[in-house]
Amino acid sequence: RAQDENIRYVSDVNDDPGQIYARILAIEATSWKGRQGEGFNQPPGANFYRDIIHRLHTAGALRVIFAQRDGVDLAFVVGAIVHGRYRGLQISYNQDFAHLSLGNCLQITMIENLCVEGVGIYDLGTDMPYKARWAETTFETSIIAVMPP
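Heads up: these notes are all about the structure in this document. Owing to the predicted nature of the structure, the values given are computational and were not obtained by experimental measurement.

Pairing between strand β3 (residues 72–82) and strand β4 (residues 85–93): eight bridges, direction antiparallel. When the bridges of β4 are listed, Ala75 appears paired with Tyr93. Pairing between β4 and strand β5 (residues 122–123): two bridges, direction parallel. The residue of β5 that forms the bridge with Arg87 is Asp123.

The next thing to look at is the nonpolar core. Across soluble globular proteins, you tend to see nonpolar side chains buried next to one another. Core analysis: the largest hydrophobic core is formed by 17 residues, its most contacted members being Ile7, Tyr86 and Leu102. Counting only elements with at least two residues in this core, the list comes to β2 (62–69), β3 and α4 (102–117). For this core, the element with the highest residue contribution is α4, accounting for five residues. Beyond its immediate sequence surroundings of up to four residues, Ile7 is in contact with Ala2, Ala67, Gln68, Arg69, Leu74, Leu100 and Leu102. Formed by 16 residues, the second largest nonpolar core is a distinct cluster that contains Ile20, Tyr49, Phe66 and Phe76.

What follows covers helix α3 (residues 45–59). Along its 15 residues, α3 runs 21 Å from first to last C-alpha, staying within 8% of the 21 Å computed at 1.5 Å per residue. Restricting attention to buried positions, one finds in α3 the residues Gly45, Ala46, Tyr49, Ile53 and Leu56. The buried residues of α3 occupy one face: seen down the axis, they fall within an arc of 105°. Facing away from the buried side of α3 by over 90 degrees, the exposed positions are Arg55, Thr58 and Ala59. Against the buried residues of α3 lie α1 (17–28), β2, β3 and β4. At the exit of α3 stands Gly60, carrying a positive phi of roughly 75°.

Here we take up the pattern of salt bridges. Within this structure, the stated rule accounts for five salt bridges. Arg23 is the salt-bridge partner of Asp15, the closest N and O atoms lying 3.3 Å from each other. A relative accessible area of 27% means that Asp15 is categorised as partly exposed. For Asp96, the salt bridge goes to Arg35, with nearest N and O atoms at 3.2 Å. Note that Asp96 is positioned in the loop between β4 and α4 and Arg35 in helix α2 (residues 32–35), a separation of 61 residues in sequence. The exposure class of Asp96 is partly exposed, given its relative accessible area of 49%. Connected via shared salt-bridge partners are Asp15, Arg23 and Asp73.

Attention now goes to the pairing of β3. Of all 11 residues in β3, eight are buried; the element is thus mostly enclosed. With eight bridges joining them, β2 and β3 adopt antiparallel strand pairing. Paired with Val64 across the two strands is Val78, which belongs to β3. Where β2 folds back onto β3 in an antiparallel hairpin, the turn is made up of two residues, including Asp70, whose phi is positive at roughly 55°.

Thresholds applied
Residues numbered from 1 in each chain as written. Predicted model: local features only at pLDDT ≥ 70, side-chain atom pairs only at ≥ 80, totals over all residues. Heavy atoms only, no water. Pairing = 2+ DSSP bridges. Helix = DSSP H or I, 4+ residues; strand = E, 2+ residues; numbered from the N terminus. Core = buried A, V, L, I, M, F, W, Y, C linked by side-chain atoms within 4.5 Å. Buried < 20%, exposed > 50% of the residue type's maximum accessible area, 1.4 Å probe, protein only. Contact = heavy atoms within 4.5 Å. Expected span 1.5 Å × (residues − 1). Arc of directions from axis to C-beta. Salt bridge = Lys/Arg side-chain N within 4 Å of Asp/Glu carboxyl O.

Below, the structure written as structure tokens:
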């Protein structure tokens, strides 16, 4: 369906990180979460992702792909290569184009790109039901927060 709708996939990691982030925020605002005011384009998530995108870009670890039609950004997937593995951070799409399954298309495109790079592990992050079909294995992690007294 996406191919029939002339969707292109563009990786623009050489762009300015501020421009990349602005494009990501614009797409997030059109997602179902963004439209409900629950997207990561709201603080504190917005600040976190602005900073992490800049740091990862500077380190050469940032990976981002945009899905576009007629030069207009409709969706994105963003993550990073850390210690030889890809760690997905966010994926989002314009809700008006949900029928095209752009999230799935971007996952496939990212996997293909990572294979070309020789990256063998794609970490989807937190275990959630919708991610199960993409995973070969799952594992449990724990977060330990150390707070000063």
